[in-house]
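What follows is the residue order along each chain.
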Amino acid sequence: MKVSGFTFVKNAIKYGYPVVESISSILPVVDEMIVCLGDSEDDTEGLIKSIGSDKIKFIHSVWDNSLREGGKVLAVETDKAIAATAADSDWLFYIQADEVVHEQYHDTIRNAMQQYLNDKKVEGFLFNYHHFYGSYKYIGDGRKWYSKEIRIIRNDKRIKSYRDAQGFRWEDNRKLNVKLIDVYIYHYGWVRSPILMHRKSANFSTLWDKGSADRTKIEDNEFDYSNIDSVTVFEGTHPQVMKKLVAAENWDSGIDMRKKKFKSTKHKLLYFLWRNFGWRPFEYRNYVRV
């Protein structure tokens, strides 16, 4: 069994992406790691090279600024990485530059890929998610967060990144048939110092709106983390690769986790059902579970 990892990244240093930790977290379970490196304004390439692994292979890319609307450029960059993976790999393991896999899940991931290697009904694997917010000690638990997403797919180049690169579909728009495995992706996209978070958030908004790039002047203001519907305390352990970043947290997020800020009674009810019964009615699902 051969496995290729793949990701895309641009300006990881400028916007505080934990890309070294992200890539390092899946290196033990892949045979190669394709990094689609965008036209960065910082030394993102040097940062990734500091990992020192001969599994890492770079392809260089220039982002198309005309593809801002709906985050389409992110899917385009993901597809470039997919195309560069080895033709003889069986599975492709996708990790975004702010996602990390805990080492406790490596065996579970390997075993699942091996178990379903020849079962063509299984076209990918679905992962659970922890979405950290404002601090490494808080998880966003409101309905704005997706609870699951596909992160391993068959090596079939007809599978494409979907919309803003959150998930995947076949090129004819059919959803993938996937198995849920008992593994969590640790998503750290909303944990940075308030200044760095503001900078990253302002930049990211330009990828969804054609006009925002002209309107948005990115200044070093502080991001307001308190404007969140709900968080809960994370009671587990962080991946070993994240220990230095977790220990370096030196900001006050200003979050009062006792205060819930649901925008409607409907959202309050959905939260109640999720937290008390584990039921998430009406949740968006870009996949078919088998």
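First, a word on what this report is: a plain description of the structure on this page. (Residues numbered from 1 in each chain as written. Predicted model: local features only at pLDDT ≥ 70, side-chain atom pairs only at ≥ 80, totals over all residues. Heavy atoms only, no water.)

Turning to the overall build of the protein, a few remarks are in order. Counting its secondary structure elements, the protein contains eight helices and 13 strands. At 19 Å, the protein has a C-alpha radius of gyration in line with the 19 Å of a compact globule built from 290 residues. Counting only C-alpha atoms, the protein reaches 50 × 45 × 40 Å along its principal axes. In the protein, which comprises 290 residues, the share counted as buried stands at 52%. In the protein, once contacts between residues fewer than 6 apart in sequence are set aside, the share between residues at least 24 apart is 78%. In the structure as shown, the protein presents an accessible area of about 14,000 Å², 49% of it carried by carbon and sulfur atoms. Side chains of the protein carry 45 positive and 40 negative charges; the gap between the two charge centres is 5 Å. (Helix = DSSP H or I, 4+ residues; strand = E, 2+ residues; numbered from the N terminus. Rg over C-alpha atoms; globule rule 2.2 N^0.38 Å. Buried < 20%, exposed > 50% of the residue type's maximum accessible area, 1.4 Å probe, protein only. Contact = heavy atoms within 4.5 Å. Areas by Shrake-Rupley, 256 points an atom, 1.4 Å probe, with all protein chains shown as cover. Lys, Arg positive; Asp, Glu negative; His and termini not counted. Charge placed at Lys NZ, Arg CZ, Asp CG, Glu CD.)

Summed over all chains, the structure comprises 14 salt bridges. A salt bridge links Glu45 to Lys49, with the nearest nitrogen and oxygen atoms 3.3 Å apart. Here Lys49 and Glu45 lie together in helix α2 (residues 44–49), a separation of four residues that amounts to about one turn. Of the charged contacts, one joins Arg275 and Asp141 as a salt bridge, the two residues approaching to 3.6 Å between their closest N and O atoms. Of this pair, Arg275 sits in helix α8 (residues 265–277) while Asp141 sits in the loop between β7 (135–140) and β8 (148–154), and the two are 134 residues apart along the sequence. Using a relative accessible area of 5% as the deciding quantity, one classes Asp141 as buried. (Salt bridge = Lys/Arg side-chain N within 4 Å of Asp/Glu carboxyl O.)

The next point concerns the environment of Thr206. Here Thr206 is to be found in the loop between α5 (194–205) and α6 (212–215). Looking at Thr206, the relative accessible area reads 12%, which means it is buried. Along the sequence, Thr206 and Asp156 sit 50 residues apart, while their C-alpha atoms lie 31 Å from each other. Within the structure, Thr206 has its side chain in polar contact with the backbone oxygen of Asn203 (distance 2.5 Å). (Polar contact = N/O pair within 3.5 Å; in protein donor to acceptor, adjacent residues only side chain to side chain.)

With that settled, the discussion passes to the nonpolar core. Membership of the largest hydrophobic core comes to 54 residues, with the highest contact counts inside it found for Phe93, Ile109, Phe125 and Phe127. For Phe125, the contacting residues outside a window of four places in its chain are Trp91, Ala112, Met113, Tyr116, Glu149, Ile150, Arg151, Ile152, Val178, Lys179 and Ile181. Within the second largest apolar cluster, 23 residues are counted, among which are Phe6, Leu92, Leu126 and Phe168. (Core = buried A, V, L, I, M, F, W, Y, C linked by side-chain atoms within 4.5 Å.)

On to the pairing of strand β9 (residues 159–162), then. Summarising the sheet, β9 and strand β10 (residues 167–170) pair through four bridges and their orientation is antiparallel. Across the sheet, residue Ile159 finds its bridge partner in β10, namely Trp170. Linking two consecutive strands that pair antiparallel, namely β9 and β10, is a turn of four residues; a positive phi of about 55° is found at Arg163 within it. (Pairing = 2+ DSSP bridges.)

Moving on to the packing of aromatic side chains. Following the criterion strictly, the structure yields 23 aromatic pairs and no others. Seen in terms of ring centroids, Phe132 and Tyr188 are 4.8 Å apart; in terms of plane orientation they differ by 10°. Their pairing is stacked. With a gap of 56 residues between them, Phe132 in strand β6 (residues 124–133) and Tyr188 in strand β11 (residues 177–190) connect regions that are remote in the sequence. We note that Phe132, like Tyr188, is buried. Through pairs of rings, three or more aromatic residues link up here, namely Phe132, Tyr136, Tyr186, Tyr188, Phe234 and Trp251. A cation over an aromatic ring shows up here: Arg192 above the ring of Tyr17, its NZ or CZ 4.8 Å from the ring centre. In this structure, Arg280 packs its charged tip against the face of Trp274, placed 4.5 Å from the ring centre. (Phe/Tyr/Trp six-rings, centres within 6.5 Å; stacked < 30°, edge-to-face > 60°. Lys NZ or Arg CZ within 6 Å of the ring centre and 35° of its normal.)

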